[in-house]
Amino acid sequence: MRSTTLTMFFAAMPALFGIIGCAPFQQYRTAQNDDCACNVKDADAKCGTNMVQHIDTEGGNAFQLGFIEFDDQGQLWDRDRQKNHVI
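Residues numbered from 1 in each chain as written. Predicted model: local features only at pLDDT ≥ 70, side-chain atom pairs only at ≥ 80, totals over all residues. Heavy atoms only, no water.

Caption draft 1: Highlighting the overall build of the protein. The helix and strand tally for the protein stands at three helices and three strands. Written out in order from the N terminus, the α and β elements of the protein read α-β-α-β-β-α. Relative to its 87 residues, the protein shows a buried fraction of 18%. In the protein, once contacts between residues fewer than 6 apart in sequence are set aside, the share between residues at least 24 apart is 25%. If you sum the accessible surface of the protein, you get close to 6700 Å²; carbon and sulfur atoms cover 56% of it. (Helix = DSSP H or I, 4+ residues; strand = E, 2+ residues; numbered from the N terminus. Buried < 20%, exposed > 50% of the residue type's maximum accessible area, 1.4 Å probe, protein only. Contact = heavy atoms within 4.5 Å. Areas by Shrake-Rupley, 256 points an atom, 1.4 Å probe, with all protein chains shown as cover.)

In structure tokens:
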């Protein structure tokens, strides 16, 4: 009885990890706001959907972080919009 339970548990683990590890098939950063200035601590909360983020560090430094997203086949999600806005 115990070995059957353990066998079922270990047989179900790959399926469970497969379901948990899946992410939706979508582009995550779609906003094109140029005025999204964030702090390092709250960058994801304030600018989580922006293609370009202007981030200020605690030391007074600043940098821009641009995101280019690809689909599962290596193609750009929205080629012209991402290229023109980020680059």
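Caption draft 2: Looking closely at the environment of Asn-61. Mapped onto the elements, Asn-61 comes out in the loop between β2 (52-56) and β3 (62-66). With residues up to four places along the chain from it excluded, the contact list for Asn-61 reads Ile-55 and Asp-56.

Caption draft 3: Structural view of the packing of aromatic side chains. In the structure shown here, the tally under the stated rule is one aromatic pair. Judged by centre distance (5.3 Å) and plane angle (70 degrees), the rings of Phe-9 and Phe-10 are edge-to-face. (Phe/Tyr/Trp six-rings, centres within 6.5 Å; stacked < 30°, edge-to-face > 60°.)

Caption draft 4: Here's a closer look at the pairing of β2. With five bridges joining them, β2 and β3 adopt antiparallel strand pairing. The residue bridging Asp-56 from the neighbouring strand is Ala-62, located in β3. Taking the residues between adjacent antiparallel strands as the criterion, β2 and β3 are bridged by five residues, where Gly-60 takes a positive phi near 90 degrees. (Pairing = 2+ DSSP bridges.)

Caption draft 5: Structural view of a nonpolar patch on the surface. On the surface, a cluster of nonpolar side chains totalling about 310 Å² of accessible area is made up of Leu-6, Phe-9 and Phe-10. In this fold, Phe-9 is placed in helix α1 (residues 2-20). (Patch = residues over 30% accessible without salt bridge, like charges linked within 9 Å, V, L, I, M, F, W, Y side chains within 5 Å. Salt bridge = Lys/Arg side-chain N within 4 Å of Asp/Glu carboxyl O.)

Caption draft 6: Representation of the environment of Leu-65 in the model. Within the element layout of this structure, Leu-65 appears in strand β3. Separated by 14 residues in the primary sequence, Leu-65 and Met-51 place their C-alpha atoms 8.2 Å from one another. In contact with Leu-65, other than residues within four places in its own chain, are Met-51, Val-52, Gln-53 and Ile-55.

In short, the description is geometric, and any link to function would need to be established separately.
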